[in-house]
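Spelled out, the chains give:
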Amino acid sequence: MTEALRSHVRALRAESGEKFDAALDTCKTLLQNVLEQPDEAKFRTIRLGNAAFHQRLGQFPSGIALLRSLGFEDANAADGSPGGDGLPAYLALPVADAALLAQGLVLVAASREASLLVASERGGGPPPAAAAAAPSAA
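For clarity, every value in this text was computed on a predicted model and none was experimentally measured. (Residues numbered from 1 in each chain as written. Predicted model: local features only at pLDDT ≥ 70, side-chain atom pairs only at ≥ 80, totals over all residues. Heavy atoms only, no water.)

Draft legend 1. Representation of the overall build of the chain in the model. Along the chain, the regular secondary structure elements total 6 helices and 3 strands. Taken from the N to the C terminus, the helices and strands of the chain come in the order α-α-β-α-α-β-β-α-α. Relative to its 138 residues, the chain shows a buried fraction of 28%. Partitioning the intrachain contacts of the chain with sequence separation of at least 6 by distance along the chain shows that 62% fall at a separation of at least 24. Accessible surface computed for the chain: about 7900 Å², of which carbon and sulfur atoms make up 55%. (Helix = DSSP H or I, 4+ residues; strand = E, 2+ residues; numbered from the N terminus. Buried < 20%, exposed > 50% of the residue type's maximum accessible area, 1.4 Å probe, protein only. Contact = heavy atoms within 4.5 Å. Areas by Shrake-Rupley, 256 points an atom, 1.4 Å probe, with all protein chains shown as cover.)

Draft legend 2. Quick look at the environment of Leu 105. By the element assignment, Leu 105 lies in helix α5 (residues 98-123). For Leu 105, a relative accessible area of 18% puts it in the buried group. Separated by 75 residues in the primary sequence, Leu 105 and Leu 30 have C-alpha atoms spaced 9.2 Å apart. Apart from residues lying up to four places away in sequence, Leu 105 is in contact with Lys 28, Leu 31, Gln 32 and Leu 35.

Draft legend 3. Region of the structure containing α5. In a regular helix each residue adds 1.5 Å, so 26 residues correspond to 38 Å; α5 covers 37 Å between its end C-alpha atoms and thus fits that length. Buried within α5 are the following residues: Leu 100, Leu 101, Gly 104, Leu 105, Leu 107, Val 108, Ser 111, Arg 112, Ser 115 and Ser 120. (Expected span 1.5 Å × (residues − 1).)

Draft legend 4. Focus on the nonpolar core. With 26 residues, the main nonpolar core has Leu 57 and Leu 67 as its most contacted residues. Breaking this core down by element, the ones donating at least two residues are α1 (2-16), α2 (20-36), α3 (51-58), α4 (61-69) and α5. Top element by residues in this core is α2. It accounts for 7 residues. Setting aside residues no more than four positions away along its own chain, Leu 57 makes contact with Leu 12, Ala 23, Thr 26, Cys 27, Leu 30, Gly 63 and Leu 67. (Core = buried A, V, L, I, M, F, W, Y, C linked by side-chain atoms within 4.5 Å.)

Draft legend 5. The sheet that holds strand β1 (residues 45-47), seen in detail. Within the open sheet, the 3 strands sit side by side as β1-β3-β2. Their pairing is antiparallel. Unpaired on one side and paired on the other, β1 and β2 (73-75) mark the two borders of the sheet. With direction set aside, neighbouring strand axes in the sheet form an average angle of 30°. Here β1 pairs with strand β3 (residues 90-92) via 3 bridges, running antiparallel. Of the residues in β3, the one forming a bridge with Ile 46 is Leu 91. (Pairing = 2+ DSSP bridges. Axes fitted to C-alpha atoms, helices over the stretch in contact; angles between N-to-C directions.)

Draft legend 6. Focus on the pattern of salt bridges. Applying the stated criterion to the full structure yields 5 salt bridges. The partner of Asp 25 in a salt bridge is Arg 112, with the nearest N and O atoms 2.8 Å apart. Taken together, the positions of Asp 25 in helix α2 and Arg 112 in helix α5 put the pair 87 residues apart, joining distant regions of the chain. On the basis of relative accessible area, Asp 25 is assigned to the partly exposed category, the value being 30%. (Salt bridge = Lys/Arg side-chain N within 4 Å of Asp/Glu carboxyl O.)

Set out below in structure tokens:
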């Protein structure tokens, strides 16, 4: 399963370009919410038509594939109707597999940190976390 998760994150990087960090942050938030409150249905359901979700993660097929590999499944509205264009209205997580979600969270967080390090190397400065922790020279 780990290789599938890695593959989806690599594909997300290729698809999302400059939006990669926002996509990872969104995925990280979704996973943290489920892990912190696994019995709360609102954290286990993602409305695919949500504009913010779509802009940050949902527009990328690999982002949806990553969520599916973590256990999210296609779901229709409560009345059984699909979303627009006959597509699923939601992604729902019927069972919160804490081990799998934690594995996904670690991978997403590590990918985000690696992205920050690469960006700082390209800019020539220290990583943001290191810059914030460094004592001032004043």
